[in-house]
Number of protein chains: 2
Amino acid sequence: MQFSKSLAFLVATLATSLTVARSANPPGNWGVLLFPNFAALDVFGPIEALNLLSETVPLNLSLIAKTLDPVPTQPHVPGEVSNFTQSVVPTHTLANAPSDIEVLLIPGPGPRAPDLRDEIAFIRDTYPRLKYLIAVCTGAWLAADSGVLDGHNATTNKAAWAERPVNNTVNWIAHARWVVDGNIWTSSGISAGIDAALAFVGEIYGEGLATDVANAMEYERNTDPTRDPFADLYGL
Amino acid sequence: MQFSKSLAFLVATLATSLTVARSANPPGNWGVLLFPNFAALDVFGPIEALNLLSETVPLNLSLIAKTLDPVPTQPHVPGEVSNFTQSVVPTHTLANAPSDIEVLLIPGPGPRAPDLRDEIAFIRDTYPRLKYLIAVCTGAWLAADSGVLDGHNATTNKAAWAERPVNNTVNWIAHARWVVDGNIWTSSGISAGIDAALAFVGEIYGEGLATDVANAMEYERNTDPTRDPFADLYGL
């Protein structure tokens, strides 16, 4: 097989779009917060877009967790109905995360996540140094609990809308695929993170690149942040 | 935060659909083939659907690679434009993979994948024992090279369509989001794996469950396997 031709195609496609990048100094240093029972697609939907973008735009990724132990999507619990999990290897701990991270992506915890107070403190302490914060799905719950969403517009998972933290001054917006408020991007549930990430790529790195990445992913984008059929589905 | 309520919601939602499962004995033992430079979303799009399904349907997952070393989406190459990779921990090697795997998912290799002849041999040797084979994106190139697609209809990545292996008797179908032929499912590029996986869940475990999983993912499905805007986009 000739994989090198495939690479050449992708690079050539993406390179044509570099001239339309909107930001003179787009962020290169990304971090993803990981914890047991993170939703896999909350991470790998957005990150696939960045994986492709990284073919031509210089990007670095840190995967940050409490320890360097592999982080499972489902902590194995004996007696559970299934044993169906995937584990991702962190590159840094909360304590030694790089100080120059510019974009932090927070995926959503599932129902079996442990106490995440250390991760919430990390978000609170790291946010002032960030250029951008992106929280996908119930990841916005963690951002809200850290205080960084106070006084901001935000959205989150729609299936579990009623359970979002409300002991704060977040202006939760139900009908939104994603919400941008200042340098904070929040998305609706799970797959909404892909649309938010592609919108972020378009806004920050250039719309031509976002289109090229979406086409390389063969993904039909929702480009309208206010179009949210799942808010309707869940009666919000 | 009350994650337990979220769990209760999901389980209650999915449980209502169990009664419409189509197959009396649906497969429970899944395997995913991993190799360096696998496309992250080729795995984690379909597998997110299965992660959610596994809340109520008993499922087991084996992650199979040449060795037990963590498998990177991008092998790090000094001097590359980016250092942007994620590594997943295998549970089994090609040599000691469980003999009772019923569904094997093959993601697509990217342009920096190493020689995959051992993985191709694994596909050829394992296929006769499987109930189903699912190949996403350029994963169908590996399936084709193994010989198991000979005489079958199949599809694959559209951006790299011209590079698909043609030294075989595969009937490649360009205009298809995914193709089912007997027990072999192949999908178009990257995100098409999500639509194929949800169609598979609907066909094998029940359409009600597929709808519930897609809604929990807040994912707008393409339910028509013949609707493929990317075949048009890439001039096929």
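Just so you know, these numbers come straight off a predicted model, no measurement behind them.

## Regarding the overall build of chain A
Broken down by element type, chain A carries seven helices and 11 strands. The 236 residues of chain A split such that 62% are buried. The contacts of chain A with a sequence gap of at least 6 include a subset with a gap of at least 24, amounting to 71%.

## A look at unusual backbone geometry
Look at Asn37(A): it is not a glycine, yet its phi comes out positive at around 75°. Residue placement: Asn37(A) occurs in the loop between strand E1 (29–33) and helix H2 (40–53).

## Here we look at the sheet that holds strand E11 (residues 184–187) of chain A
All names here are of chain A. With mixed pairing, the seven strands of this open sheet are ordered in space as E5-E2-E1-E6-E7-E11-E10. Each having just a single partner strand, strand E5 (92–93) and strand E10 (178–181) make up the two edges of the open sheet. The pairing of E1 with strand E6 (residues 103–106) spans three bridges and is classified as parallel. The partner of Trp-30 across the bridge, within E6, is Val-103. Against the sheet, helix H3 (residues 117–126) contacts E1, strand E2 (60–65) and E6, and its axis sits at roughly 155° relative to E1. This element, helix H4 (residues 139–146), spans E6, strand E7 (132–135) and E11 of the sheet and lies at about 130° to E7.

## Some remarks on the environment of Phe38(B)
All names here are of chain B. On the secondary structure map, Phe-38 appears in the loop between strand E1 (29–33) and helix H2 (40–53). Note on Phe-38: relative accessible area 1%, which makes it buried. Separated by 101 residues in sequence, Phe-38 and Gly-139 place their C-alpha atoms 8.9 Å apart. For Phe-38, the residues in contact, after removing those within four places along its chain, are Val-43, Phe-44, Val-71, Pro-72, Thr-73, Val-88, Pro-107 and Gly-108.

## Thoughts on the relation of the copies chain A and chain B
In summary, the two copies of the chain are related to each other by a rotation about an axis coupled with a shift along it. When chain A is fitted to chain B, the residual RMSD is 0.0 Å, and the transformation amounts to a turn of 180° plus an axial shift of 0.0 Å. Expressed as an axis order, the relation between the two copies is that of a two-fold axis. When each C-alpha of chain A is compared by its distance to the rotation axis, Val88(A) comes out closest, at 2.3 Å. Mapped onto chain B, 100% of the interface residues of chain A again fall at the interface, so both copies present the same surface.

## A short note on the packing of aromatic side chains
Residue and element names in this part refer to chain A. A full pass over the atoms with the stated rule returns 11 aromatic pairs over all chains. When the centroid spacing of 6.5 Å and the interplanar angle of 65° are considered together, the rings of Phe-200 and Tyr-205 count as edge-to-face. An identical accessibility class is assigned to Phe-200 and Tyr-205; each is buried. Feature note: the residues Trp-30, Tyr-132, Trp-185, Phe-200 and Tyr-205 constitute an aromatic cluster, connected by ring pairs.

## A word on the pairing of E11(A)
Residue and element names in this part refer to chain A. Burial of the side chains of E11 extends over both faces: Ile-184 and Thr-186 are buried on one face and Trp-185 and Ser-187 on the other. For E7 and E11, the ladder comprises three bridges, and the chain directions are parallel. In the strand pairing of E11, Ala-135 is matched with Thr-186. The antiparallel hairpin formed by E10 and E11 contains two residues in its connecting segment, where Gly-182 sits at a positive phi of about 65°.

## Some thoughts on the sheet that holds strand E6 (residues 103–106) of chain B
All names here are of chain B. Taking strand neighbours across the sheet as the criterion, the seven strands line up as E5-E2-E1-E6-E7-E11-E10 in an open arrangement whose pairing is mixed. Each of the sheet's edge strands pairs with one partner strand only, and the pair in question is strand E5 (92–93) and strand E10 (178–181). Judged from the two bridges that link them, strand E2 (residues 60–65) and E5 form a sheet pairing that is parallel. Within the sheet, the bridge partner assigned to Ala-65 lies in E5 and is Thr-93.

## So, the confidence of the model for chain A
Residues and elements named next belong to chain A. When pLDDT is averaged across chain A, the result is 92; 90% of the residues are at 70 or more. Considering only residues more than four positions removed or in separate chains, one finds that residues 1–9, a stretch of pLDDT under 50, has 18 contacts. This model gives residues 15–21 a pLDDT under 50, and the stretch forms 12 contacts once residues within four places in sequence are excluded.

## Brief notes about the interface of chain A and chain B
Between chain A and chain B, the residue contacts involve 70 residues of the former and 70 residues of the latter. At the junction of chain A and chain B, the tally comes to four salt bridges. The closest approach of N and O atoms between Arg112(A) and Glu55(B), which form a salt bridge, is 3.1 Å. The set of elements that each furnish at least two residues to the side of chain A that touches chain B consists of helix H1 (3–15), H2, E2, strand E4 (87–88), H4, helix H6 (207–216) and helix H7 (229–233) of chain A. Per-element tally for the side of chain A that touches chain B: the top contributor is H2(A), with nine residues. For the side of chain A that touches chain B, the class distribution of residues is 38 nonpolar, 21 polar and 11 charged.

## Examining the pattern of salt bridges
Enumeration over the complete set of coordinates arrives at 18 salt bridges over all chains. Bridged by salt links that share partners, the residues Glu55(A), Glu80(B) and Arg112(B) form one connected network.

## Section: the pairing of E2(A)
Burial analysis of E2(A) places five of its six residues in the buried class, which makes it a mostly covered element. In this view, the connection linking E1(A) to its parallel neighbour E2(A) by way of H2(A) has right-handed handedness.

## Focus: the side chain of Glu218(A)
As for its position among the elements, Glu218(A) is in the loop between H6 and H7. Buried charge Glu218(A) goes without a salt bridge, the closest partner of opposite sign being Arg177(B) at 4.8 Å. With near-sequence residues (within four places) excluded, Glu218(A) lies in contact with Asn157(B), Lys158(B), Ala159(B), Arg177(B), Ser188(B), Gly189(B), Ser191(B) and Phe230(B).

## Notes on the packing of helix H5 (residues 192–204) of chain B against helix H6 (residues 207–216) of chain B
Residues and elements named next belong to chain B. Interhelical geometry of H5 versus H6 gives an angle of 145° and a closest axis separation of 6 Å. Here Leu-198, Val-201 and Gly-202 of H5 come into contact with H6, specifically with Glu-207, Leu-209, Ala-210, Val-213 and Ala-214. For the contact of H5 with H6, the per-class residue count stands at six nonpolar, one polar and one charged.

Definitions and limits used
Residues numbered from 1 in each chain as written. Chains lettered and ligands numbered in written order. Predicted model: local features only at pLDDT ≥ 70, side-chain atom pairs only at ≥ 80, totals over all residues. Heavy atoms only, no water. Helix = DSSP H or I, 4+ residues; strand = E, 2+ residues; numbered from the N terminus. Buried < 20%, exposed > 50% of the residue type's maximum accessible area, 1.4 Å probe, protein only. Contact = heavy atoms within 4.5 Å. Pairing = 2+ DSSP bridges. Axes fitted to C-alpha atoms, helices over the stretch in contact; angles between N-to-C directions. Least-squares fit on C-alpha atoms with pLDDT ≥ 70 in both. Phe/Tyr/Trp six-rings, centres within 6.5 Å; stacked < 30°, edge-to-face > 60°. pLDDT = per-residue confidence, 0-100. Salt bridge = Lys/Arg side-chain N within 4 Å of Asp/Glu carboxyl O. Nonpolar A, V, L, I, M, F, W, Y, C, P; charged D, E, K, R; others polar. Right-handed = clockwise from strand over helix to strand, strands pointing away. Lys, Arg positive; Asp, Glu negative; His and termini not counted.

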